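# Close look at the chain arrangement
This is what each chain is made of:
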Amino acid sequence: MTVLVTYDVETTTRAGRRRLRSAAKVCKNYGQRVQFSVFECSVNEAQYEALISKLKKTIKQDTDSLRVYKLRGNREDYLMTFGQDRYVNFDEPLVL
């Protein structure tokens, strides 16, 4: 399944900036960044549960925000992009 992960972390403190970096690191292990705090992740059910668990441990629920959207169907069916789209489909052959 494809999930869209978005987060907004309070960064006025050193701990907040650390949480921001940590959230990005967790997301990078499961997908690719498409905006500063937005990641597209292609995961199975077990990976999804692990991703959510790690992110919930990372954010501070009284100051930060985390949203995860499960996207259904093919990427082309639910996505329109305008401007630069740096998405790489790792399921297709990668040409360097």
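Attention in this report is confined to the structure presented alongside it. (Residues numbered from 1 in each chain as written. Predicted model: local features only at pLDDT ≥ 70, side-chain atom pairs only at ≥ 80, totals over all residues. Heavy atoms only, no water.)

## Some points on the overall build of the chain
Secondary structure summary: the chain contains three helices and four strands in total. Order of helices (α) and strands (β) in the chain, N terminus to C terminus: β-α-β-β-α-β-α. For the chain, the C-alpha atoms occupy an extent of roughly 40 × 30 × 25 Å along the three principal directions. Across the chain, the fraction of contacts at a sequence separation of at least 24, relative to all contacts at a separation of at least 6, is 64%. By element, 49% of the accessible surface of the chain is carried by carbon and sulfur atoms, the whole surface being about 7,100 Å². (Helix = DSSP H or I, 4+ residues; strand = E, 2+ residues; numbered from the N terminus. Contact = heavy atoms within 4.5 Å. Areas by Shrake-Rupley, 256 points an atom, 1.4 Å probe, with all protein chains shown as cover.)

## Structural notes on the pattern of salt bridges
Scanning the model with the defined rule gives two salt bridges in all. Between Arg 19 and Glu 10 there is a salt bridge whose closest N-O contact spans 3.4 Å. Judged by its relative accessible area of 13%, Arg 19 falls in the buried class. A salt bridge links Asp 64 to Arg 19, with the nearest nitrogen and oxygen atoms 2.7 Å apart. Residue Asp 64 is found in the loop between helix H2 (45–58) and strand S4 (65–71), and its partner Arg 19 is found in helix H1 (residues 14–28); the two are separated by 45 residues along the sequence. (Salt bridge = Lys/Arg side-chain N within 4 Å of Asp/Glu carboxyl O. Buried < 20%, exposed > 50% of the residue type's maximum accessible area, 1.4 Å probe, protein only.)

## Overview of the packing of aromatic side chains
Following the criterion strictly, the structure yields one aromatic pair and no others. With a centroid separation of 6.2 Å and an interplanar angle of 20°, the aromatic rings of Tyr 7 and Phe 39 are classed as stacked. Taken as a pair, Tyr 7 in strand S1 (residues 2–8) and Phe 39 in strand S3 (residues 38–42) lie far apart in primary sequence, 32 residues in all. Tyr 7 gets classed as buried once you look at its relative accessible area, which sits at 6%. A cation over an aromatic ring shows up here: Lys 70 above the ring of Tyr 48, its NZ or CZ 4.6 Å from the ring centre. (Phe/Tyr/Trp six-rings, centres within 6.5 Å; stacked < 30°, edge-to-face > 60°. Lys NZ or Arg CZ within 6 Å of the ring centre and 35° of its normal.)

## Notes on the side chain of Thr 58
Relative to the helices and strands, Thr 58 is located in helix H2. Separated by 2.8 Å, the side chain of Thr 58 and the backbone oxygen of Lys 54 make a polar contact. Beyond its immediate stretch of four places on either side in the chain, Thr 58 contacts Arg 19, Ser 22, Ala 23 and Val 26. (Polar contact = N/O pair within 3.5 Å; in protein donor to acceptor, adjacent residues only side chain to side chain.)

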